[in-house]
Each structure stands twice: as C-alpha cells, then as structure tokens.
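Inside the fold
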Amino acid sequence: MGWILLILLSGGLVPARAQETTTAPAEESLLTPPTDIPGATEALEPTTARRREAALNDALAGQFERAMEGFKTVIRDDPRDAVARDAHDLIQAYLERKQRADEQRRREYEYEIERIDWAYLAQKHLKDFEALPACKEIRDLVKKKLAEAYHAIGTAEGFEDASSDEAKTMRETSLRKIDEVQELIQKSVTLLKEYNGPFFDEFRSEAQVLLGRLRANRDVWDQADPDTPRGRWRAARKLELLEEQLADAVTDLEVLLSKHPWKIALLHGQIAKKLAPDPEAMTRETWYRNMIADAERRGKTAVENADWYDALAAYSALEELEPDNESYRDENKTVQRHVRVLRLYGSDQDEEAETPELSNGEDEETVVEESDGPIWKEIVAGVDADMVRKAISKLGRSYVQSVDYRKLTRGALQSIKVLAQTPQVRETFPGLKDETKRDAFVASLNREISDIEKPDHVRPLDLMRALNNVLDRSDETVDLPVDVLSVEFADGFLNELDKFSSMIWPSDIINFNKSTMGHFTGIGVQITKERGEPLKVVTPLLDTPALKAGIKAGDLIMAVDGADTKTHSIDKLIKMIMGPPNTTVTLTIKRRGVPKEFDVPVIRQAVSIRTIKGWRRRDDGQWDYRLLDKPNVAYVRITQFTGTTHDKIREALQQIRDAGVRSLILDLRANPGGLLPSATKVADEFLAEGDIVSTRGRQVPRTYQRAHDSGLYLDGDLVVLVDQNSASAAEILSGALKDLKRAVIVGQRSYGKGSVQNVIPVRDDEAYLKLTTAYYYLPSNRLLHRKNGAKDWGVNPDVDVYITPRQTRRWLQIRRKTDLLQEFDAQLLQADLERQYQADMQLDTALLVLELLRLKQSPQDVYPANRAVAVER
C-alpha cells in the first residue's frame, strides 16, 4: 500500500524554527498524513471550517492551549485541513519555546527568594559580624577592592566591538583582574576561617561559587582570539552567560556584607513580586508577610527618629509591594517630601546610598534618575512669587477636576514646614539656626494650617493669602530666600493635584524644549548617574557625534573638560556637555578592560532624536524594515512621539508598501509617549475610520480625533508590541488600534498614563504651569488613566506575554548592537538577529500571531487550488 506525502508549496511555509520541533509521540497518530484523501481541493465541511475559525480566534486571543485542542479536533475530523495542521504545528513549537521561557522565569523567582533569605540572614547576624576585628577589612576587600577589580574585567560586548589591539589589551587586563579578584576572595575567606555558624558558612559557600565562576570566565578569556572579528564574536558568545553568572555571584557576596541587609531584601522582594507566576499567592507566603511586617516596623522607627533615608527605603518598598494600601502611600508621600528637602538643600551629605549591583535586573534603556540633587541655586534661579500667584490663578479655570483648595493650601504649608524643620538645611539657610526665630516661623505655619480648616469654603484667594503670609512671616523671622519659598510652596500644592502637574521653572526650559521638539545641540548620548559616582553612558544615540567619536555603552565619563563628574549634579553636567554647534567638549573615559583612562574630544552638533527605527541598518545608514529571514514581515519601532515622528513613519510605511509587504510589527515598548497630535496622525496611517481618541475635562469641551481614509497601511496584518513602560501617546495609538480591531496587541499591560497636560505660560518664555486639564478615552469609551485604587487601566494586550528583567536586558543588548551603523560580517549579523528572535519572547509571539493571521485567510488564498498539495504514491 502506498503512502501520501503532503508538501506545502505556497509562500506560507511553516517557519524553520517551528519545523525543527518534533511532535510529541502521543500525538503522532493524530497528525500523521492520512492515506485515504479522496480529493485534496474539495471544500471542507462547514462544521469543520467553523471549528477551525474558532480555534484560530482562540489562538489570536492568547488561548493557545484551548486552540490546540480545537485544531486537534479539526484534524481528527478532516485530515485534509492543511491550515489546521500548520496552525497546530506553529503553536506547538511556540509553546515549547514559551515553556522554556517560563521555566527561566521560575528559576529567577526562586533565586530572588534565595537572595532575600541571605539578606535576612545577614541582618540577623549583622551585630555579631560588625563586632569582629576583621569586619572592616573584609568589607574593604570585597566592597571596594574586589568591586574595583571586578569592574575592570572586560565585557563580552566590549570585546566583540573592540579592534584587534584593543581586544588584546582587554584580554590581558581581564586575565590579570580575574586573578586579582580570586586573591581578594581567598584572603577574605582566610580572615573568617576561625568563625563558624550559618552566616559564616553561607559566606564561605558563596565565596566558593564566585571562585568557580571566575575560573570559568578565565578559561574563556585565556582561549579568546582577539585577532579576527569572528574570533571575537565567538568568544563574546561564550562570555555572555558566564559574565551574567559572575555578576550574580559578586552581588550575592555583597548582599551578605551589606551594612543594611534589610534594604537589600526589600529591593529583591520587589523584583520577586514582578517575577512571581502568581503574585497574589506570593503575598500569602510566610516569608512575604514577615518582610512586610519588618519593613513597616523599620519605617515607623525611622520616621520617629527622623532617619528619612531609612524611612524612604521602607515606605517606598511598601507602597510598591502593597499598592492598594493607602496608609503606605500617604506615609511615603510625606517621607519623600523630607528626602527631597535633604537632597536639594541639605548640608549633611553622608546618607547611606547603598544598593546592590543589580547587573541583571536593570532595563538597560531606562535612564535611572540620579540621587545627587542638582545645586539648589540653579533650580530656583529666576523664580519669584508672582510666578506662583499666576499659576494659582490658572488652576480653577483649567484643572481636570474640581480643585480642593483646602487640600492644596494644607500641602503647600506642610511643604514649607518640612523645610523649616529639617536640621540638615540650617547650614544652607543660617536664619533657621536661631531657635527662637525658627520656632516663631513654624508656629505661624501651624496657625495657618489650623485656620485653613475653619471656613466652609477655601478659595484661590486663600491659597494666595497663605503664600503672602509665608513670605511676610519669613521676612520677620528666619529670612528664607523668596525663590526657595516660592519653589517649595508651589511644589507643595501641585503635589496634591497629581504627579503629572508641575511647574516648569526657568532652569527647566532647555530640557523641556529638547524633549518636546525632538532636537537639540550636543553630542547625542544617553547617560545616568548615581550619587558620588561618575556619569555612565547608557548608550550613544544613532548618527550622533558621540557615536562617531567612539563613545560606547557602559563607558564611564570621569570628567567633562577636566571637571570631575563625581562632584557635579547630572543637570550641571548636561549643561556642560551641551553647547554651541561646532565647538568641542573633551570627555575623559574609563572603559572596562582598558587599563587607563583616555580623553575623547567630541564636536557638538545639532542632534535630532530619531524616533522611527527598523529591524537593522543598511550599508548606507538607512533602516531596513524587513526581517531578513522573513521578507514578507516588516518591523517598525517608535521610541517616542515628537514633531517629526509622523513624517518619518510615513517614509517607513511607503518603503514597506513599495516592497509589497503585508505583515507589520509595530513596536511601542518602552515608548514614554509625547505629543498627542503626533500619535493621532500616526494612528491615522493605520485606520480608515472611527474615533482614535477623545478628551474630556471639567473645563475642556469634549473633543474627538477621528481617522481619515488616507493612510498608507490601512489593510495589512498588524501586531503591536506594548509593555509596562508604554505610556501616554503610545497607549492612545495602541488602544485605538485594539478597540477598532485593527491590530492584535501583544506584550504586557501598559503604564496607564491617560491624562492631558497643557503647558500654560505664567511668564512668557520664562516659566510655565504644566497642568492636567483632561483625560483620554479610547474608542470603547474606556479611561486610559490609572487612578489611585484602580483595578483596570492602560491597554490590556490580546496576547499577554511576560518577559523577565534579565530576558529584557539580553534582547536589548542584542538590539543595541544591531541598531548601530558599522562594518559587519553579514553572517554574524544574521546570527545576532536570529539571537534576538530567541531572546525576545514578545517579538517571537508577534511573529506567531502574524502567521496565524495569514492562515486565517481563506484556504484558497493561503493554499491556491492548483498549488495546494502534491501527492506522491
């Protein structure tokens, strides 16, 4: 008896990665091609077609297991259904990949729980350890000398991108520094050899783990070929996972030696909750409840003792872990006010700023706001009380809700009271040193707070009167600067409105214009800074002076034109780096694996923020939007919405349209939003009709932004990627495409920033009030904005795909590399892009969805009658 082999001949073959996965033995009889097909092109039974359609709809809603059962039924009833067979195979291969990703998530979660246990073990034995004569020496060995040597070891990314000579130097430096770290660990273990107990046993155990991982890294560095691009590429691939494991081991040792292990435990508790497969179940675990109780106790004690940094560590973690707890939220708000005053005006700068090296938990594209506050005189420069009075007069006419002026006045007065009662600011403001005058000023504030509770109604004039009284009483007593009082008073009442309403003071104008206009003059580099540390390069921007000068991600900028970056605020340093076009700024760079610091002169130029990106850069520097191994699929990433975004995406869509591509992935992950007109114009390129978004406010007429039948991509298949950092304008675009059933949304629920801020002048070109005036509503009439206590907000994906911080970091590393314009080996580039598929589960899911959308077309379109099957007997 003969056999029949079905060979799909249309353009829609099962992807190579799906073909590599074999069907489970238990299902082989179900999926083996039948031997009794009477006619390959006969129409399917109506019931079978309906079942197949239902299974495809389940899959496109993320119900993959249910869809698999549906496809099995279809195949069993009608083995001729090639669409069901292909869909089944695609989903089965995808679920196997997803199972591996979920297992990695579970391991990461368990690892975070283990770190929490270590931290509380260290906390329990902290006094005993600190009583040891060797304590200080061990901390110095591990947290200073070892950390310094460890950070001098080269990275996989740096080695791959280096020239031959640079790579040779990096290899030699890395081998030497690994040996140095090993010696330091062995010395620290020797210092504790006479001590026994759970803590010391754990320290020795983790030290051995670290030594083992150092040996593994050393072996790869020893064998690394620095002479050729392929040799460096191969070594980098071996180093990637090893250096991640090494970073873990270094962090684990630092956790045990922390001066405040409970803070480390809370930080890892927050990571654990994000990783938990079932966060609600996690909150019922004994270890979690104990952690919450310990943090609450420490927070209360810190507030009583005015230890505001400890209080911030406790209550910020508690609010993050228990977001529905109003008391935690209120306490954290008060504590943040105290910490803001300390950082901005305080003379006591020796607060503990210890945090672990979360080398694998960071989102590499998120710029962390540095803790070293800008110099206060720069912030308040140009501010006066009339600006605040003008801002107050605008509130009632424009704010999205009725304004509670009693609450605002109370908040403003409390803000001034915190300033007056913070001991660390007395050196900055000598008038507060006089106890009699200080007490008189605080007493006047208390009277104002008491008086504001008495009237039935509090009006804008009462808020202005409170400002005038504060200024008068200050003149009579402590003589605080008017600009400082104005800034603190305004910050106090605006903080009572919402977290998006604020003043744009004269010192903020440059950065504000840069973020909204999409261009500025500088060098084009994304940076971050921690208190007392140098500037760190997150990434150079594409096609900028920084990139052309050779600045790399991870570089430390030690000095700007000779000025030490450790001792300056990030705002000050940004102003030093920016400047007139065609002038030069000299950056002193420290790079991992390079033994000495070196200077890099960079010529400032006009820098445009490129908000539209593709899959990879072509030789001519332009973007290629088509996926190399899937030329019928295009990929467009929007990083934010500026005045140029719409024009640029039209250029991209025109290229895609000219190439005949009918499947598109639109990536809005980590897009913080931007200009509303930009987002609605982009949406119009995909929508032929319907309301894109509506805005409603108390004093704002309801307005609608409607689609027009003039876009460049109105009918092709579309998948949109979103995550928890997709906000504002990105949510408007993705929400409209979802509600109007134009796209399938893949990823994680978005941020939930659905409020409209208008920028209202309070003095032309000098200061503005950024005020929430309305809310955005999606076409379904759903509010985007996340209000306190809300259970539903943002854009919920059709297909929910969680990726861990480590997974995010891995694919961002690869994407950053493939984004750059550089000479490349075509085969190595293809390998890197394939690694991006494997590392980015959300992108992988988007590709699956596009395949399923293609299969959902009529079988005659997917498998034309004259090409549907070939039969061999």
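Because the structure is a prediction, the values reported are computed rather than measured.

**Comments concerning the nonpolar core**
- The biggest cluster of nonpolar side chains holds 58 residues, and the ones touching the most others in it are Tyr345, Leu395, Phe429, Leu463, Phe489, Phe493 and Leu769.
- At 8 residues, the largest contribution of residues to this core is made by helix 19 (residues 405-420).
- Other than its neighbours up to four places away in sequence, phenylalanine 493 contacts Val388, Ile392, Leu395, Leu408, Gly411, Ala412 and Leu463.
- With 47 residues, the next largest nonpolar core counts Tyr150, Phe200, Trp221 and Ala247 among its residues.

**A word on the packing of aromatic side chains**
- Following the criterion strictly, the structure yields 13 aromatic pairs and no others.
- Ring plane angle 80° and centroid distance 6.4 Å describe the contact between tyrosine 111 and tryptophan 118, whose orientation is recorded as edge-to-face.
- By relative accessible area, which is 15% here, tyrosine 111 ends up buried.
- Consider the rings of tryptophan 376 and phenylalanine 429, whose centres lie 5.2 Å apart with planes at 65°: the pair is edge-to-face. Taken together, the positions of tryptophan 376 in helix 17 (residues 376-380) and phenylalanine 429 in the loop between helix 19 and helix 20 (435-452) put the pair 53 residues apart, joining distant regions of the chain.

**Some remarks on the pairing of strand 5 (residues 556-560)**
- Counting buried positions along strand 5 yields 4 of 5 residues, so the element is predominantly enclosed.
- Inspection of the sheet shows strand 5 paired to strand 7 (residues 584-590) by 4 bridges, in the antiparallel sense. Across the sheet, the residue bridging to alanine 559 is threonine 588, located in strand 7.
- Strand direction decides the pairing type here: strand 5 and strand 6 (residues 563-564), joined by 2 bridges, are antiparallel. From the neighbouring strand, valine 560 faces strand 6, where its bridge partner is alanine 563.
- In this antiparallel pair of consecutive strands, strand 5 and strand 6, the connection spans 2 residues, and aspartate 561 shows a positive phi of 50°.

**Quick look at the packing of helix 9 (residues 164-191) against helix 10 (residues 198-223)**
- Running from N to C, helix 9 and helix 10 cross one another at 165°; their axes reach a closest spacing of 10 Å. As the angle between them shows, helix 9 and helix 10 are arranged roughly antiparallel. The element helix 9 and its partner helix 10 pack so that their crossing is left-handed. Residues Met170, Arg171, Ser174, Leu175, Ile178, Asp179, Val181, Gln182, Ile185, Gln186, Ser188 and Val189 of helix 9 pack against Phe203, Arg204, Ala207, Leu210, Leu211, Leu214, Arg215, Asn217, Arg218, Trp221 and Asp222 of helix 10.
- Taken together, the residues of the contact of helix 9 with helix 10 break down into 12 nonpolar, 5 polar and 6 charged.

**Digging into the confidence of the model for the protein**
- Confidence along the protein averages 86 in pLDDT terms, with 86% of residues attaining 70 or more.
- A low-confidence stretch, residues 349-374 stays under pLDDT 50, and its non-local contacts, those more than four residues away or across chains, total 72 contacts.
- Counted against residues more than four places away or in other chains, residues 864-873, with its pLDDT under 50, gives 22 contacts.

Conventions adopted
- Residues numbered from 1 in each chain as written.
- Predicted model: local features only at pLDDT ≥ 70, side-chain atom pairs only at ≥ 80, totals over all residues.
- Heavy atoms only, no water.
- Core = buried A, V, L, I, M, F, W, Y, C linked by side-chain atoms within 4.5 Å.
- Buried < 20%, exposed > 50% of the residue type's maximum accessible area, 1.4 Å probe, protein only.
- Helix = DSSP H or I, 4+ residues; strand = E, 2+ residues; numbered from the N terminus.
- Contact = heavy atoms within 4.5 Å.
- Phe/Tyr/Trp six-rings, centres within 6.5 Å; stacked < 30°, edge-to-face > 60°.
- Pairing = 2+ DSSP bridges.
- Axes fitted to C-alpha atoms, helices over the stretch in contact; angles between N-to-C directions.
- Parallel < 35°, antiparallel > 145°, perpendicular 65-115°, else oblique.
- Left-handed = near helix turned anticlockwise from the far one by under 90°.
- Nonpolar A, V, L, I, M, F, W, Y, C, P; charged D, E, K, R; others polar.
- pLDDT = per-residue confidence, 0-100.

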